[in-house]
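# Examining the three-dimensional arrangement
Each chain, written out:
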Amino acid sequence: MNNIVKKGFYFKSYEAPFQSPFDKLFAIFKELITHTSGDFDEAISWLRELDKEYKLTDSSYTIDDFIEDLKKKGYIREELKEDGTSGTGITAKTERAIRQQALDNIFGNIKKSGSGNHKTKHVGNGDEHTGEFREFHFGDGLERISLTESLKNAQINNGVADFMLTENDLVVEETRYKSQMSTVLMIDISHSMILYGEDRITPAKKVAMALAELITTRYPKDTLDILVFGNDAWRISIRDLPYLKVGPFHTNTVAGLQLAMDLLRRKRNTNKQIFMITDGKPSCVREKDGSYYMNSNGLDQYIVDKCYAQAQQARKLHIPITTFMIANDPYLQKFVNHFTEANQGKAFYTGLKGLGEMIFEDYETNRKKRIK
């Protein structure tokens, strides 16, 4: 009997991938710990409430069992609180897991690159092989000679019986330079980021964590500095991101831009850029005598002009600014338009949904610039 081979598609009911009780709770816990800015007790309190409502656990694996597993796996540790009492805090291992989850959630469709660098269109004595070959020229490094292609040429030119390898048989493989990008990410932590019943700081934190994880794992030669700005601006480390909170601050955009440009001046990379996530208007500047000039009523022309001046300064330094505006007030969008025009940068007007994807797409676009 002849074997009949059937071709086509086979359909079956969807089966969700297996998740252990710990993995299921840990995914929720990482979301909660981000929302609570690293407060373990509050995150567990929320998890218990969710458990009551959605029956996340059963008698075979409880929330207490989950907490015990967090300790055993090194995700939490005992620590002293600011008031001197003992408590529980998350470890660096958890911080890394939170960043990875943010990357997976926001940039989940990205295919990882093995090289971890940015390509340019300049062919020359770079460090990335292109698969293209040319004749050997005096001055080419010996390590660039393609042995396989050169031996093939020798066989064709001189024959196998009387084999010999001459300079005319040698070929080298072209390489390209790998560019590097230095980025400063500015995050607005003024009070308006949690006003009107909308949490805007948590999505901003997630984007920052995802971008940090993306750059450190996929583009390790790139640099990322993160700063926050309220009444003043200061730099924070990647590990500080889960704990980031808003404060009773105005919005000193000028201070943020000044610090960002100062950080980028120290970088030797050719490609530099500033990403700014904000939802509000500039409402504060610091004067030369150290005092603060503040005005939250509308757009203050004195403050606005100082912002434009910083945008123009960044343009002179060849530093483009990309503004991600997560508010939709027409008069604020008009200000951002003028600000962007002064810098010759870019502006995106977006809600909280899709913010991460938009930032990634712009990062990927900017990183392809040629090295001049």
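Residues numbered from 1 in each chain as written. Predicted model: local features only at pLDDT ≥ 70, side-chain atom pairs only at ≥ 80, totals over all residues. Heavy atoms only, no water.

The chain carries the name VWA domain-containing protein in an unreviewed UniProt entry, which gives Flavobacterium taihuense as its organism.

## Here we look at the packing of helix 8 (residues 301-316) against helix 9 (residues 330-343)
Following both chains from N to C, one finds helix 8 and helix 9 inclined at 30°, their axes separated by 7 Å at the closest point. With respect to their mutual orientation, helix 8 and helix 9 come out roughly parallel. Pair helix 8 / helix 9 crosses with right-handed handedness. On the side of helix 8, the interface is formed by Val304, Cys307, Tyr308, Ala311, Gln312, Ala314 and Arg315, while helix 9 contributes Phe335, His338, Phe339, Glu341, Ala342 and Asn343. Partitioned by chemical class, the residues of the contact of helix 8 with helix 9 number eight nonpolar, three polar and two charged. (Axes fitted to C-alpha atoms, helices over the stretch in contact; angles between N-to-C directions. Helix = DSSP H or I, 4+ residues; strand = E, 2+ residues; numbered from the N terminus. Parallel < 35°, antiparallel > 145°, perpendicular 65-115°, else oblique. Left-handed = near helix turned anticlockwise from the far one by under 90°. Contact = heavy atoms within 4.5 Å. Nonpolar A, V, L, I, M, F, W, Y, C, P; charged D, E, K, R; others polar.)

## A short note on the pairing of strand 6 (residues 181-188)
The element strand 6 is largely enclosed, with a buried count of eight among its eight residues. The alternating pattern of strand 6 places Met181, Thr183, Leu185 and Ile187 on one face and Ser182, Val184, Met186 and Asp188 on the opposite face, and all of these are buried. In this region the chain leaves strand 6, passes through helix 6 (residues 201-218) and returns to the parallel neighbour strand 7 (residues 223-229); the handedness of that crossover is right-handed. (Buried < 20%, exposed > 50% of the residue type's maximum accessible area, 1.4 Å probe, protein only. Right-handed = clockwise from strand over helix to strand, strands pointing away.)

## Structural notes on the pattern of salt bridges
Note on pairing: side chains with opposite charge can pair once their charged atoms come close. The full count for this structure, using the stated rule, is 13 salt bridges. Lys52 is the salt-bridge partner of Glu49, the closest N and O atoms lying 3.8 Å from each other. Note that Glu49 and Lys52 are positioned in helix 2 (residues 40-54) at a spacing of three residues, about one turn of the helix. The exposure class of Glu49 is partly exposed, given its relative accessible area of 45%. The closest approach of N and O atoms between Lys152 and Glu149, which form a salt bridge, is 3.7 Å. One end of the pair, Lys152, and the other, Glu149, are both in helix 5 (residues 147-158), three residues apart, so they sit about a helical turn from each other. Several salt bridges converge on common partners, so that one network encompasses Arg96, Arg99 and Glu213. (Salt bridge = Lys/Arg side-chain N within 4 Å of Asp/Glu carboxyl O.)

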